[in-house]
Amino acid sequence: MKLQLALDLVNIPEAIELVAEVQESIDIVEVGTPIINSLGHAAVREVKKAYPNLTVLADVKIMDAAGYEVEQASAAGADIVTILGAAEDSSIRGAVEAAKKAGKEILVDMIAVKDIETRAKELDQLGADYICVHTGYDLQAEGKDSFEDLRKIKAVVKNAKTAIAGGIKLETLPEVIKAQPDLVIVGGGITSKEDKKAAAQAIKALINQG
Ligand SMILES: O=C(CO)[C@H](O)[C@H](O)COP(=O)(O)O
């Protein structure tokens, strides 16, 4: 089980500084959608330049023109690029193909997908590298989580790695670990803490216990 740190509500220097604090505990650093929306691929480029040995995920949440978007994010230094599970199959195919060509991976974000099991099966067949259940900020605010969705996709996905994101913190991690995803994505559970290094270490330690 790997740990991905999601960096959403920071600028580029803050992102680089934050990674410095926690880098021994994380496997993947996510340059989040809000940063990319406001600062563009420069954020991906700068984070990869600062940490060339860390796997960098660009959370571009692609919906269309997927092959082109994956090429752009890959050229900026992303190792993993995200697309929405609600996108057309032709977009998913385009993303998978472009990622393969560039030696990168695709994470499909299931945010807002209603029939999680059916779509997860399809995405698995379409060649997604990761399928990620995700409770976005707006549903987190309504007290929702993705634990049941994780169990559902784990039961049907045969080839892709599974991931979970959305409001995960140390206290809720045991519930996540029970379902054994390949990747746990944590943003605020680390970045909102006073001692980010200690928070990341505690989360990583629990993940390592499996
Ligand atoms: O993709 C995102 C929001 O759309 C976040 O990166 C993801 O939800 C993880 O952050 P947090 O743990 O703070 O919810």
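For the structure itself, consult the block above.
On a predicted model such as this, the values are computed, not experimentally measured, just so you know.

### What about the pattern of salt bridges?
So, step 1. Counted by the stated rule, this structure contains 12 salt bridges.
So, step 2. With its nearest N and O atoms 2.8 Å apart, the salt bridge here joins E122 to R119. On the criterion of helical spacing, the pair formed by E122 and R119 is a turn pair, its members being 3 residues apart in helix α6 (residues 116-125).
So, step 3. By relative accessible area, R119 is classed as buried at 11%.
So, step 4. The closest approach of N and O atoms between E175 and K178, which form a salt bridge, is 3.5 Å. Linking E175 with K178, this pair stays in helix α9 (residues 173-178), spanning 3 residues, or about one helical turn.
So, step 5. Residue classification places E175 among the partly exposed positions, given a relative accessible area of 27%.

### A word on the side chain of D124
So, step 1. Assignment of secondary structure puts D124 in helix α6.
So, step 2. Among buried charged residues, D124 stands out as having no salt bridge; its nearest opposite-charge side chain is K158, 6.5 Å away.

### A short note on helix α1 (residues 12-22)
So, step 1. The set of residues buried in α1 consists of I12, A15, L18, V19 and V22. One side of α1 carries all its buried residues, which in axial view fall inside an arc of 125°. The exposed set on the far side of α1, more than 90 degrees from its buried face, consists of P13 and E17.
So, step 2. For α1, the elements touching its buried residues are β1 (2-7), β2 (28-31), α2 (33-39), α3 (42-50), α10 (188-191) and α11 (196-209).

Reading the values: rules and limits
Residues numbered from 1 in each chain as written. Predicted model: local features only at pLDDT ≥ 70, side-chain atom pairs only at ≥ 80, totals over all residues. Heavy atoms only, no water. Salt bridge = Lys/Arg side-chain N within 4 Å of Asp/Glu carboxyl O. Helix = DSSP H or I, 4+ residues; strand = E, 2+ residues; numbered from the N terminus. Buried < 20%, exposed > 50% of the residue type's maximum accessible area, 1.4 Å probe, protein only. Lys, Arg positive; Asp, Glu negative; His and termini not counted. Arc of directions from axis to C-beta. Contact = heavy atoms within 4.5 Å.

In short, the description is geometric, and any link to function would need to be established separately.
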